[in-house]
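A look at the structure
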Amino acid sequence: MPEVVPDQIRAAAKKMKTAADESRTHKPDEIGDVATAMPNSESAKHATTLSTTWTKRFTGWSKRVDDHVTGLNKSAEDWDETDAATRARNEKMARIGDGTY
Amino acid sequence: MAEITIKVLQSWKPESLTSISDKLNLDRKGLVDLQDELTDGADYDGWIGADHYSAQKAHTLLEDDLVDYVAEIAKVIGALDTAATEITSAQTSLENAISTAESNGYKVNRATGTVTSTEPAEDTADAIHQQKVAGNYADLITSALESAATADSDLAAALKSANSGDIDVDGTLADQDALVALRNKTPEEQAAYLLDHPEYGKSVLETLPPGVRQEIGDQLAERSEMITDGDEVFTPERLEALNEAFDAYGQDPVVATAFAEKLGPKGLLELNREVASLAQDDDHRDTDPDAVRITPEMARQLGNLQTNLGETLSSATAGLTGDDQEGTRSRVSSEWVQQLREEGEKKYTLDGEYRDTRGNQVYGYQLLGPLLHSVDSHYLLTEVGDGMLEFETTFAHENGGHLPWNIRMVDGEPASVTRLTSSFATEGLRLDWTQGYDDKDAAGFDPMGALMDGLSNNPQASRDFLNGELPSELAPKDTLDGKPYSRVDYLMTDRHWMTDLTDHYMNNTDDIADGERLPKEPNGLERFADALQVATMDDTVDPEERKQIGNILDNVVDSATDKPVDPDDFKHLDLVNPSLRDDLGEIFAYHSETTHETFVGGDNADVGPYGTNFDEGRFRNLLADLGKDEHANDVLRTAAYTEAVHQMKIDLEGTPDPATATKVHSEAMGQILGSMDYGAQMGEIGNTQDSDKAHNDDVAQKAGLAKDVVGLIPTGKNPITGIIFDKGTEALIDNWEKSNQVDHTGSAEFDAQAQYNGRKLMAESLFEQTLLDMGYSENEAHAAAADAAIGYTSGYDSARGPK
């Protein structure tokens with residue numbers, strides 16, 4: 001049986017959730033350690049700044065993916081509700097048609 | 001740069017940099033491995049509607065951003081690895097210098113870096129010797145510290161760049177995965193892999209450390225040089241692979257510089273000699289069955305390769321701004337370009353299996369030519385341009401006017417026609433494959449056309465070149481004035497633009513009497529026109545650049561009109577080459593303000609936004625000559641109307657008396673249109689295609705059209721440029737003109753009287769509408785119409801016929 005659209009959307013959302021969670025474990029903030037490896041260097045201060053920047057950037061990315069996942073799940077829900085309303089309408093039409101309503 | 005002392009360098013831990021780099025690499029790998037999740041995260045085929053579109057867009061943005069972030073990490077990894085290597089090397093050098101000094105009886109001050117002997121000097125000579133030795137050790141220490149400082153600076157630059165987040169790469173996470181696999185390979189191995197996989201170029205090039213890019217440049221040169229190896233067979237497929245590598249990496253300045261340094265100027269020209277002669281053009285008359293014949297695919301790949309060589313050359317020289325500049329990682333030295341210029345004057349021997357064994361020759365500039373189409377580097381274009389021009393004009397001066405490109409060189413000597421008829425040596429040879437290989441596509445024997453094409457890529461280079469000097473001894477003697485001989489004059493009116501065919505026999509036009517065998521095309525004159533347009537039709541606000549433009553415009557007018565004109569022979573006279581008329585028409589239409597103000601300002605006044613100084617009479621002659629060309633006629637007329645209205649609007653702002661302004665500007669317009677109409681008559685231009693259209697007697701409709709025209713033309717003085725009218729205005733003026741045509745029998749001949757009548761009516765309604773548009777009363781507007789007719793007639797009549 002072909003996969004229905006809301007299920008497809010939810011499956012995609014799940015994959016993106018995995019991507020968001022996984023990305024959180026790979027924040028490259030260790031770049032800040034360059035300051036310890038090269039004290040009194042020009043690189044030291046830029047490395048410290050970059051560590052902060054990257055933390056923010058990658059955390060931000062993960063959060064955006066979370067928001068995207070929320071959006072996808074909401075779209076799947078909306079699709080379900082539309083289907084339910086359409087089913088209810090069709091059933092009512094059928095009952096009208098055969099005189100039971 | 002931070003100050004690096006011995007103590008500071010000794011405190012650094014490059015092994016920690018490697019460790020940080022390893023961790024970053026793991027992070028990168030972890031992110032790259034999210035490719036499957038991201039792909040599956042967009043797998044919802046059945047979903048349609050606005051929500052789907054939004055979700056898809058959001059997803060693409062997330063994926064693109066992640067690819068950029070991963071690329072950024074890759075760049076930093078490369079920088080860390082490089083820094084670790086260089087700092088380790090610097091520390092080793094430092095320790096070696098210190099331990100050697102100390103083991104030889106010298107003391108090193110760790111704080112200051114100074115080195116002194118621990119033993120007292122025996123005498124003055126010994127003291128001097130000790131000082132020298134101490135100095136050597138100090139130099140070694142300084143060198144190590146400087147290397148470390150450079151490594152620090154380079155790493156800092158990479159970190160700073162990553163901080164800015166401005167990296168933007170193409171491709172997917174999977175492309176970035178390739179770099180993960182390459183991390184522990186040598187630069188040579190990385191370069192070889194990436195050259196074999198050019199599909200990764202756009203994704204990874206920006207992230208590669210300089211050492212790897214230099215290696216790519218070196219290996220690209222080596223792969224290209226295999227073309228010069230007579231035992232190698234270069235099929236179209238092989239050329240395609242080389243071209244793909246160039247497309248992916250060749251325009252990076254570090255890659256390009258390494259490539260250029262590896263080959264050297266002479267090597268580059270030798271390479272193109274081999275590229276150009278890899279196959280013969282298909283119009284070759286020789287019947288050698290073993291000759292490699294051109295196929296469309298082969299021609300395409302040869303052309304692509306020459307284009308790629310040009311683009312690479314451009315990238316390697318883009319960073320140069322003047323003479324005496326040293327080379328860096330991302331540009332060659334100015335000396336490299338000077339050597340290229342010297343090579344341009346040397347003869348390069350062509351030989352191949354399918355050629356006559358005498359081995360004919362071409363000049364280096366002719367081998368450089370095909371590359372110049374794709375160059376936009378200012379320094380290269382102007383240096384090579386100056387050199388090429390000087391070479392050809394000096395050669396011509398010393399060889400009875402013959403250009404070096406027009407002479408077939410056989411065994412180092414110019415060959416006579418008689419000798420040429422028995423020689424097939426360069427027939428079928430096409431030097432330039434970049435523009436195609438039809439009969440109409442220049443074969444590349446005259447490199448000046450390609451230089452012009454290159455100059456068209458850079459307006460400032462074009463201006464600088466055209467404003468350059470030319471030795472006065474080259475000036476023709478029969479000019480009307482004593483002005484310095486300009487390059488514009490030489491190129492536009494005096495240079496023999498040879499027909500540039502593969503059948504080189506046809507190119508020696510001076511020796512062939514039969515005119516039917518002298519096709520005019522293809523030649524480089526149109527390319528010159530393009531360069532002229534690029535130089536002059538530029539909205540620069542810089543005063544010096546505007547002065548240059550004004551100077552070029554002055555040169556054009558002067559050089560076209562510097563000989564006496566016989567009015568009885570004007571019809572048959574070409575003040576400029578007919579093929580240039582449409583382009584020059586566009587230039588003076590663009591500079592409509594200058595054109596108009598020349599006739600307002602009076603003879604030899606400095607007028608217009610570019611400070612030009614045309615002689616009115618001579619300029620009228622030029623306009624009449626340009627008027628012989630239908631396109632030039634059209635654009636100049638449209639510009640004349642537009643400019644007249646624009647000038648009127650400027651003058652009428654705040655002035656109570658429109659009569660003077662009307663007369664002045666209608667007269668100027670009349671002079672321009674009078675010249676155009678005279679030229680049209682001489683050029684026997686047919687009337688417009690709607691010439692049989694019935695004359696429109698509807699005054700209201702005519703007035704309405706004029707009103708629309710006037711409404712489109714801006715009010716107010718634009719101090720920067722003249723008007724740039726758009727196609728909408730142009731179409732409107734065209735319709736308005738047609739609506740004012742006097743009906744006639746439909747003859748295709750130019751009807752001077754009809755045109756004059758029609759245009760006078762148009763002038764009246766145009767100026768009338770302008771005043772109405774500005775809020776003047778109907779009476780004032782009618783009065784203006786009458787003044788316009790008088791002014792127009794006066795100007796028109798004074799412009800008829802050459803001066």
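Residues numbered from 1 in each chain as written. Chains lettered and ligands numbered in written order. Predicted model: local features only at pLDDT ≥ 70, side-chain atom pairs only at ≥ 80, totals over all residues. Heavy atoms only, no water.

Here we look at the overall build of chain B
Scanning chain B from terminus to terminus reveals 30 helices and six strands. Taking all 803 residues of chain B together, the buried fraction comes to 55%. Restricting to contacts in chain B with at least 6 residues of sequence separation, those with at least 24 account for 76%. Summed over all atoms, the accessible surface of chain B reaches about 33,300 Å², with 48% contributed by carbon and sulfur. (Helix = DSSP H or I, 4+ residues; strand = E, 2+ residues; numbered from the N terminus. Buried < 20%, exposed > 50% of the residue type's maximum accessible area, 1.4 Å probe, protein only. Contact = heavy atoms within 4.5 Å. Areas by Shrake-Rupley, 256 points an atom, 1.4 Å probe, with all protein chains shown as cover.)

Digging into helix H9 (residues 210-225) of chain B
All names here are of chain B. With 16 residues, H9 extends 23 Å from end C-alpha to end C-alpha; this agrees with the ideal 22 Å at 1.5 Å per step. Taken together, the buried positions of H9 are Val212, Arg213, Glu215, Ile216, Gly217, Gln219, Leu220, Ala221 and Ser224. On the buried face of H9, the contacting elements are helix H7 (187-196), helix H10 (236-249) and helix H11 (253-276). (Expected span 1.5 Å × (residues − 1).)

What to know about the side chain of Ser43 of chain A
When you line up the elements, Ser43 of chain A lands in helix H3 (residues 42-97). Within the structure, the side chain of Ser43 of chain A is placed 2.6 Å from the side chain of Asp152 of chain B, a separation counted as a polar contact. (Polar contact = N/O pair within 3.5 Å; in protein donor to acceptor, adjacent residues only side chain to side chain.)

Quick look at the packing of aromatic side chains
Residue and element names in this part refer to chain B. All chains considered together, the criterion is met by 19 aromatic pairs over all chains. Relative to Trp405, the ring of Tyr365 lies with its centre 6.3 Å away and its plane at 90°, an arrangement referred to as edge-to-face. You can see Tyr365 sitting in helix H14 (residues 364-372) and its partner Trp405 sitting in the loop between helix H15 (378-398) and strand S5 (409-410), a full 40 residues away along the chain. The same class applies to Tyr365 as to Trp405, namely buried. Grouped by ring-pair contacts, the aromatic residues Tyr363, Tyr365, Phe391, Phe395 and Trp405 constitute a single cluster. One residue, Arg430, lies across the ring of Trp433, its end atom 5.8 Å from the ring centre. A cation over a ring is seen here: Arg546 above Tyr610, with NZ or CZ 4.4 Å from the ring centre. (Phe/Tyr/Trp six-rings, centres within 6.5 Å; stacked < 30°, edge-to-face > 60°. Lys NZ or Arg CZ within 6 Å of the ring centre and 35° of its normal.)

Regarding the confidence of the model for chain B
Looking at chain B, the pLDDT average stands at 84 and 82% of residues meet or exceed 70. Across residues 417-425 of chain B, where pLDDT falls below 50, the model places 19 contacts with residues more than four positions away in sequence or in other chains. (pLDDT = per-residue confidence, 0-100.)

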